[in-house]
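# A look at the structure
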Amino acid sequence: MRIGVDWGGTKIEAIALSDAGAALVRKRIATPQHDYDACVAAVARLVVEIEATLGRTGTVGVGIPGAISPATGLVKNANSIWLNGRPLDADLERALGRPVRVENDANCLAVSEAVDGAGTGAAVVWAAVLGTGAGSGLAVQGRALAGRHRIAGEWGHNPLPWPGDDERPGPRCYCGRRGCLETFVSGTGLAADHQRRTGQALDAEAIMSRMRAGDPDARRTYDLFLGRLGRGVAHVVNILDPDVIVLGGGLSDIDELYADLPARIAPFVFSDAFETPVRKSRHGPSSGVRGAAWLWTE
Ligand SMILES: [Zn+2]
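Described below are features of the structure shown in this document. (Residues numbered from 1 in each chain as written. Predicted model: local features only at pLDDT ≥ 70, side-chain atom pairs only at ≥ 80, totals over all residues. Heavy atoms only, no water.)

## Quick notes on the side chain of Ser252
Tracing the backbone shows Ser252 in the loop between β11 (244-248) and α8 (256-265). Residue classification places Ser252 among the buried residues on the basis of a relative accessible area of 4%. Excluding anything up to four places from it in sequence, Ser252 contacts Leu130, Leu247, Tyr258 and Lys280. (Helix = DSSP H or I, 4+ residues; strand = E, 2+ residues; numbered from the N terminus. Buried < 20%, exposed > 50% of the residue type's maximum accessible area, 1.4 Å probe, protein only. Contact = heavy atoms within 4.5 Å.)

What follows is the structure, encoded as structure tokens:
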């Protein structure tokens, strides 16, 4: 039995998977805010409860919004900032009395989709997560590709490629730079772009509904978003050339993307043809917790 934990900023979810990938039990709690020790204790308690419910023990994998630095052994890059600077894997192992695998949550999504999702059986799966922020994860042969600094897939803070003059220097990003992809292709970025051009403060979902109702301003915002996302994806294709591209996060619910995006990627790909499928994540919001469980595949 494999237990996966998805450690998010607002909720911590845990799941137990059978060998065939069936969800045996699922539990969810609110993330204790700004209290690291309470979070570690809560994760341990979720695992213990799952094992008590099912009457057996399992492996434990945990997805976090950040990474454990190989240089220090401490968490870095987590937007749940109370995680940063903590030896999370060691603390979880002590609390649970067994080895625990910890991986970036976007990589967990890629693993989940590679094992039994939209990228089943594909050798290289690249998963872009377009939500409040924008990031991505990588799975090669069904395993997370973490990278030397555990930052493989950190795509959102690369600059928007092939920018037009009206896209330079780009919006200011919380990371300190300007023009990061995240400021254009996240849900927040899409909404901010719409507001800059129209003065209307709407979220991404509302903008898409207006577009479907024929609103030309919303149509323009979607078209700009598509072009920018296409260039951002093409940049990755030129380096990694994945077998399948999976979209996750809130914006992956925009169904038009799957028909419209490939034609906006293709012109920027250095190839005579662009045939990579762009698919919606099969497991949606459950991909993170499922991928964490699949961190133990052997
Ligand atoms: Zn940035």
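## Describing the coordination of the zinc ion
For a metal with four tetrahedral donors the ideal donor-metal-donor angle is 109.5 degrees, while six octahedral donors give ideal angles of 90 or 180 degrees. Distances from the zinc ion to its protein donors, His157 (ND1), Cys173 (SG), Cys175 (SG) and Cys180 (SG), fall within 2.1 to 2.3 Å. Angles of 103 to 119° at the metal separate the four donor atoms of the zinc ion, which places the site in the tetrahedral class. Given a relative accessible area of 7%, Cys173 falls into the buried group. Using a relative accessible area of 2% as the deciding quantity, one classes Cys180 as buried. (Donors = N, O, S within 2.8 Å, 3.2 Å for Na, K, Ca; no water. Tetrahedral: all angles 85-135°; square planar, octahedral: opposite > 155°, others 65-115°.)

## Comments concerning the packing of helix α5 (residues 187-198) against helix α7 (residues 216-240)
Two measures define how a pair of helices packs: the angle their axes make with one another and the distance between the axes. Interhelical geometry of α5 versus α7 gives an angle of 130° and a closest axis separation of 10 Å. One element, α5, and the other, α7, form an angle in the oblique class. Crossing handedness for the pair α5 and α7: right-handed. In contact with Leu190, Asp193, His194, Arg197 and Thr198 of α5, α7 contributes Asp217, Ala218, Arg220, Thr221, Leu224, Phe225 and Arg228. Per-class residue counts for the contact of α5 with α7 are four nonpolar, three polar and five charged. (Axes fitted to C-alpha atoms, helices over the stretch in contact; angles between N-to-C directions. Parallel < 35°, antiparallel > 145°, perpendicular 65-115°, else oblique. Left-handed = near helix turned anticlockwise from the far one by under 90°. Nonpolar A, V, L, I, M, F, W, Y, C, P; charged D, E, K, R; others polar.)

## So, the pairing of strand β7 (residues 100-104)
Of all five residues in β7, four are buried; the element is thus mostly enclosed. One ladder, built from five bridges, connects strand β4 (residues 59-64) with β7; its direction is parallel. Residue pairing across strands places Gly61 opposite Arg101, the latter belonging to β7. (Pairing = 2+ DSSP bridges.)

## Digging into the pattern of salt bridges
According to the stated counting rule, one finds 19 salt bridges in the structure shown. Asp91 is paired through a salt bridge with Arg94; the nearest N and O atoms lie 2.6 Å apart. Pair noted here: Asp91 and Arg94 are both in helix α2 (residues 88-96), with a separation of three residues, about one helical turn. With a relative accessible area of 15%, Asp91 lands in the buried category. Looking at Arg94, the relative accessible area reads 63%, which means it is exposed. Salt-bridge contacts for Lys280 lead to Asp253; the nearest nitrogen and oxygen are separated by 3.3 Å. Of this pair, Lys280 sits in strand β12 (residues 278-280) while Asp253 sits in the loop between β11 and α8; the two residues are 27 residues apart in sequence, bridging distant segments of the chain. (Salt bridge = Lys/Arg side-chain N within 4 Å of Asp/Glu carboxyl O.)

## Some remarks on the packing of helix α1 (residues 36-54) against α2
In contact at an axis separation of 10 Å, α1 and α2 are set at 45° when each is read in the N-to-C sense. One element, α1, and the other, α2, form an angle in the oblique class. As α1 packs across α2, the resulting crossing turns out to be right-handed. In contact with Tyr36, Val40, Val43, Ala44 and Val47 of α1, α2 contributes Leu88, Asp91, Leu92, Ala95 and Leu96. Residue classes in the contact of α1 with α2 are distributed as nine nonpolar, no polar and one charged.

## Re α7
Between the first and last C-alpha of α7 there are 36 Å, a value that for 25 residues agrees with the 36 Å anticipated at 1.5 Å per step. N-capping of α7 is provided by Asp215, with a side-chain oxygen placed 2.7 Å from the backbone N of Asp217. Positive phi appears at Asp241, one or two residues downstream of α7, with a value of about 45°. (Expected span 1.5 Å × (residues − 1). Polar contact = N/O pair within 3.5 Å; in protein donor to acceptor, adjacent residues only side chain to side chain.)

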